[in-house]
Amino acid sequence: MGKSIKLTDPGKAWAKTSPSTRKVDVRSERERLLIVCEGSKTEPNYFKSIQSTLPPQVVEICIQGEGANTQSLVDRAKQHRDSKKDTDYPYDEVWVVFDKDSFDAAMFDNAIHSAEAMRMKVAWSNQAFELWYILHFEARQTDMSRAKYKDCLTNHRGVPYLKNDLHMYSKLTKMGNESEAMRRAKQLQEAHVDIPDHAANPCTKVNELVEKLNTFMTR
């Protein structure tokens, strides 16, 4: 009698190659963002605090605090972006974060236009990044000197404002109102829609970057 031949179970054979059981490289499925900040601590600390709340399997964020400003910051952002351009994991979106401060009007406007021309997004503030913090507590229609931002935030929070606070994001969401900050920031943008960016004071577009980051919380 001949030897019996053991047939392979086709169901099991299929299961071994089923897409549902294959190991997937999660890096290829994540969205990759680059955030390049003017400040070396304040802005990076804030965005890193948000980053810590996001699911790593959904988004990968590189945050750079350059200590540079306006056009030089835009140039640095381009260098960072281009360094990953021909790799397997290029950045899907690039954001540049800087303030008007006391910089020349043309320098500020040109930096924004330059970044946008290179398909980068700009989360700018006029005059300072802390305006975004203040909008968590109050609406502002008139400009405020940078020197008074600290006093304003100290009064609202009841404790001294520390510029480079590592936990500012969580403190703002607990003591302030992020939804109201979003609404107030959009109102300021609408109020200044027909004037150059350097003349839009007070105004900020940090809300647009925060809104983008918030989308990853619900995926």
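Coordinates for the structure precede this section.
Attention in this report is confined to the structure presented alongside it. Not measured: the values here are computed from a predicted model.

## Some remarks on the packing of aromatic side chains
Part 1: Considering all chains together, one arrives at nine aromatic pairs under this definition.
Part 2: Consider the rings of Y133 and Y161, whose centres lie 6.2 Å apart with planes at 70°: the pair is edge-to-face. Residue Y133 is found in helix α5 (residues 130-134), and its partner Y161 is found in the loop between α6 (146-157) and α7 (168-175); the two are separated by 28 residues along the sequence.
Part 3: For Y161, a relative accessible area of 5% puts it in the buried group.
Part 4: Among the aromatic residues, those joined into a ring-pair cluster are Y46, F47, F129, Y133, Y161 and Y169.

## Remarks on helix α3 (residues 70-83)
Part 1: With 14 residues, α3 ought to run about 20 Å at 1.5 Å a step, and its terminal C-alpha atoms sit 20 Å apart, in line with that.
Part 2: The complete set of buried residues in α3 reads T70, L73, V74, A77 and H80. Seen from one end, α3 has its buried residues packed into an arc of 120°, which puts them on one side.
Part 3: If you follow the buried residues of α3, they end up packed against β1 (31-37), β2 (59-65), β3 (93-97) and α4 (105-117).

## Here we look at α4
Since the α-helix turns once every 3.6 residues, residues separated by three or four places project in the same direction.
Part 1: When the terminal C-alpha atoms of α4 are compared, their 18 Å separation across 13 residues agrees well with the 18 Å that a helix rising 1.5 Å per residue should span.
Part 2: Contacts made by the buried residues of α4 are with α3, β4 (121-122) and β5 (125-126).
Part 3: The backbone nitrogen of A106 lies 2.9 Å from a side-chain oxygen of the residue at the head of α4, namely D104.

## A look at the sheet that holds β4
Paired through their backbone hydrogen bonds, the strands of a sheet run either parallel or antiparallel.
Part 1: Read from one edge to the other, the open sheet built from four strands follows the order β2-β1-β3-β4, with strand pairing classed as parallel. The sheet terminates laterally at β2 and β4, the two strands that pair on one side only.
Part 2: As paired strands, β3 and β4 are joined by two bridges and run parallel to one another. Bridged to V96 within β4 is V122.

## Observations concerning the packing of helix α2 (residues 42-51) against α7
Part 1: Where α2 meets α7, the axes come as close as 7 Å, and the angle between the chain directions of the two elements is 70°. When the interaxial angle is binned, α2 and α7 end up roughly perpendicular. Here Y46, S49 and I50 of α2 come into contact with α7, specifically with Y169, S170 and L172.

## Some thoughts on unusual backbone geometry
Part 1: At the junction of N126 and Q127, the peptide bond is cis and its omega measures out at 15° in the coordinates.
Part 2: Looking at the secondary structure, you find Q127 in the loop between β5 and α5.
Part 3: Going from N201 to P202, the amide bond is cis rather than trans, its omega being 5°.
Part 4: For P202, the location among the structural elements is in the loop between α8 (178-191) and β6 (203-204).
Part 5: Not every positive phi belongs to a glycine, and T70 is a case in point at roughly 35°.
Part 6: With respect to the helices and strands, T70 occurs in helix α3.
Part 7: Using a relative accessible area of 2% as the deciding quantity, one classes T70 as buried.
Part 8: Of note in this structure, R119 is not a glycine but carries a positive phi near 60°.

Parameters and conventions
- Residues numbered from 1 in each chain as written.
- Predicted model: local features only at pLDDT ≥ 70, side-chain atom pairs only at ≥ 80, totals over all residues.
- Heavy atoms only, no water.
- Phe/Tyr/Trp six-rings, centres within 6.5 Å; stacked < 30°, edge-to-face > 60°.
- Helix = DSSP H or I, 4+ residues; strand = E, 2+ residues; numbered from the N terminus.
- Buried < 20%, exposed > 50% of the residue type's maximum accessible area, 1.4 Å probe, protein only.
- Expected span 1.5 Å × (residues − 1).
- Arc of directions from axis to C-beta.
- Contact = heavy atoms within 4.5 Å.
- Polar contact = N/O pair within 3.5 Å; in protein donor to acceptor, adjacent residues only side chain to side chain.
- Pairing = 2+ DSSP bridges.
- Axes fitted to C-alpha atoms, helices over the stretch in contact; angles between N-to-C directions.
- Parallel < 35°, antiparallel > 145°, perpendicular 65-115°, else oblique.

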